[in-house]
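Understanding the architecture of this molecule
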Amino acid sequence: MKAQIFAGCMPALMTPSKDDRSPDFEALVRKGKELIAAGMSAVVYCGSMGDWPLLTDALRMEGVEALVKAGVPVIVGTGAVNTASAVAHAAHAQKVGAKGLMVIPRVLSRGSVVEAQRHHFKAILAAAPDLPAVIYNSPYYGFSTRADLFFALRAEHPNLVGFKEFGGAADMRYAAETITSRDDDVSLMIGVDTCVFHGFVNCGATGAITGIGCVLPKEVLHLVSLSQAAAKGDVEARRLALELEAALAVLSSFDEGPDLVLYFKHMMVLKGDAEYALHFNPTDALSESQRGYVEAQLKLFDAWYAQWSKQAGVVQKRAA
């Protein structure tokens with residue numbers, strides 16, 4: 001099985017809310033279709049950005065099915081506090097026609113035990129053998145999948161075709177050096193917004209899963225395009241990609257912190273998507289200082305990009 005779906009740029013969808021703080025799946029589908037129309041290759045749901053720990057299994061499955069029925073190519077997150085629930089999400093994803101899986105490690109119970117994680121991953125991969133899958137590596141889940149475990153799993157489960165790295169630049173380089181560079185059928189997915197250039201240019205990534213891309217799809221797709229060109233040796237694209245990534249740095253950095261969903265939803269509201277104003281836990285909220293900071297940084301970036309993107313060299317690269 002090849003990793004064709006794990007290429008390009010994929011937003012990690014957040015779950016919008018109705019006034020009663022229940023999920024608004026019509027708005028979820030609307031945003032998914034909008035982002036695909038903008039040029040995204042697929043969407044991810046329900047990962048950390050989708051608030052998987054705050055939704056029931058039934059609600060998560062309802063969201064996945066709504067996206068699939070609407071024709072949105074979706075990669076399904078399997079996060080769960082027990083393997084049985086993760087397996088159910090994987091089996092449901094295959095049954096309804098999702099395009100792939102993002103396999104999340106076992107959490108809380110024996111999460112640091114390699115053998116426990118091996119069995120957890122195996123159960124998920126076996127539950128959806130027809131779906132290409134990537135393992136999601138993140139320090140927030142308290143477990144680092146290393147090369148020996150990855151290849152032991154891949155030897156038994158050919159649907160394991162890639163690795164999503166959220167751990168940062170050093171971890172992404174480890175993944176490139178020890179896991180994803182020896183076989184063209186194994187993909188490296190950039191899993192954190194601060195490492196897009198590094199992932200494509202220095203680590204041979206095939207795609208990026210993005211949070212800030214939900215808020216700024218045009219600009220993030222522009223960064224991905226420039227980074228992909230830079231990875232082929234384009235000198236001008238390299239310079240422009242670094243300029244754009246530097247300008248995005250603060251907004252991208254929210255992806256690295258525990259309040260990422262709060263920040264990104266607030267920016268969505270600022271961009272006109274009112275259905276992202278509420279959170280499933282009523283006490284989850286940015287402080288006044290946090291709101292002021294993100295609002296100022298978004299305004300600054302928008303003003304910068306409006307001028308920067310009109311430069312002759314930038315326009316030519318976009319046209320190319």
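Before going further, it helps to spend a moment on the layout of surface pockets. In this structure, the largest pocket spans a volume of roughly 540 Å³. Lining the largest pocket are 29 residues, and of these S48, M49, P258, L260 and V261 sit closest to its centre. The set of elements that each furnish at least two residues to the lining of the largest pocket consists of β8 (207-210) and α10 (260-270). When residues of the lining of the largest pocket are assigned to their parent elements, the largest contribution, three residues, is made by α10. Split by residue class, the lining of the largest pocket holds 16 nonpolar, eight polar and five charged. Taken as a whole, the second largest pocket holds about 160 Å³ of empty space. Lining the second largest pocket are 14 residues, with H266, A277, H279, A285 and L286 sitting closest to its centre. The biggest single contributor to the lining of the second largest pocket is α10, with four residues. Each residue belonging to the lining of the second largest pocket can be placed in one class, and the counts come to eight nonpolar, two polar and four charged.

With that settled, the discussion passes to the nonpolar core. Among the nonpolar cores identified, the biggest contains 108 residues, and Y45 and L101 are the most heavily contacted of them. Per-element tally for this core: the top contributor is α10, with seven residues.

Once that is clear, we can look at the packing of aromatic side chains. This structure, assessed with the given rule, holds eleven aromatic pairs. Ring geometry for F254 versus Y263: centroids 3.9 Å apart, planes at 20°, classification stacked. By relative accessible area, F254 is classed as buried at 8%. Using a relative accessible area of 10% as the deciding quantity, one classes Y263 as buried. A ring pair is formed by Y305 and W308, whose centres lie 5.9 Å apart and whose planes are at 40°; its orientation type is tilted.

The next point concerns the pattern of salt bridges. Pairing of side chains with opposite charge becomes possible as their charged atoms draw close. Taken as a whole and judged by the stated rule, the model has eleven salt bridges. Residue E275 pairs with R30 through a salt bridge whose shortest N-O separation is 3.6 Å. Highlighted residues: E275 in the loop between α10 and α11 (288-308) and R30 in helix α1 (residues 25-38), separated in sequence by 245 residues. A relative accessible area of 17% means that E275 is categorised as buried. In this structure, D273 and K31 form a salt bridge, with 3.0 Å as the shortest nitrogen-oxygen distance. Of this pair, D273 sits in the loop between α10 and α11 while K31 sits in helix α1, and the two are 242 residues apart along the sequence. You can call D273 buried: its relative accessible area is 13%. Note on K31: relative accessible area 4%, which makes it buried. The network of salt bridges with common partners includes K31, E34 and D273.

Another aspect to go through is the side chain of S85. Inspection of the secondary structure puts S85 in helix α3 (residues 83-96). Here S85 falls in the buried class, since its relative accessible area comes to 16%. With sequence-adjacent residues up to four places away left out, S85 is seen in contact with D57 and A80.

About the thresholds
Residues numbered from 1 in each chain as written. Predicted model: local features only at pLDDT ≥ 70, side-chain atom pairs only at ≥ 80, totals over all residues. Heavy atoms only, no water. 1 Å grid on protein atoms, 1.4 Å probe; cavity = no way out; pocket = protein on both sides within 12 Å on 5 of 7 lines; lining within 4 Å. Points joined across faces, edges and corners; volume = space filled by probe spheres on them. Helix = DSSP H or I, 4+ residues; strand = E, 2+ residues; numbered from the N terminus. Nonpolar A, V, L, I, M, F, W, Y, C, P; charged D, E, K, R; others polar. Core = buried A, V, L, I, M, F, W, Y, C linked by side-chain atoms within 4.5 Å. Buried < 20%, exposed > 50% of the residue type's maximum accessible area, 1.4 Å probe, protein only. Phe/Tyr/Trp six-rings, centres within 6.5 Å; stacked < 30°, edge-to-face > 60°. Salt bridge = Lys/Arg side-chain N within 4 Å of Asp/Glu carboxyl O. Contact = heavy atoms within 4.5 Å.

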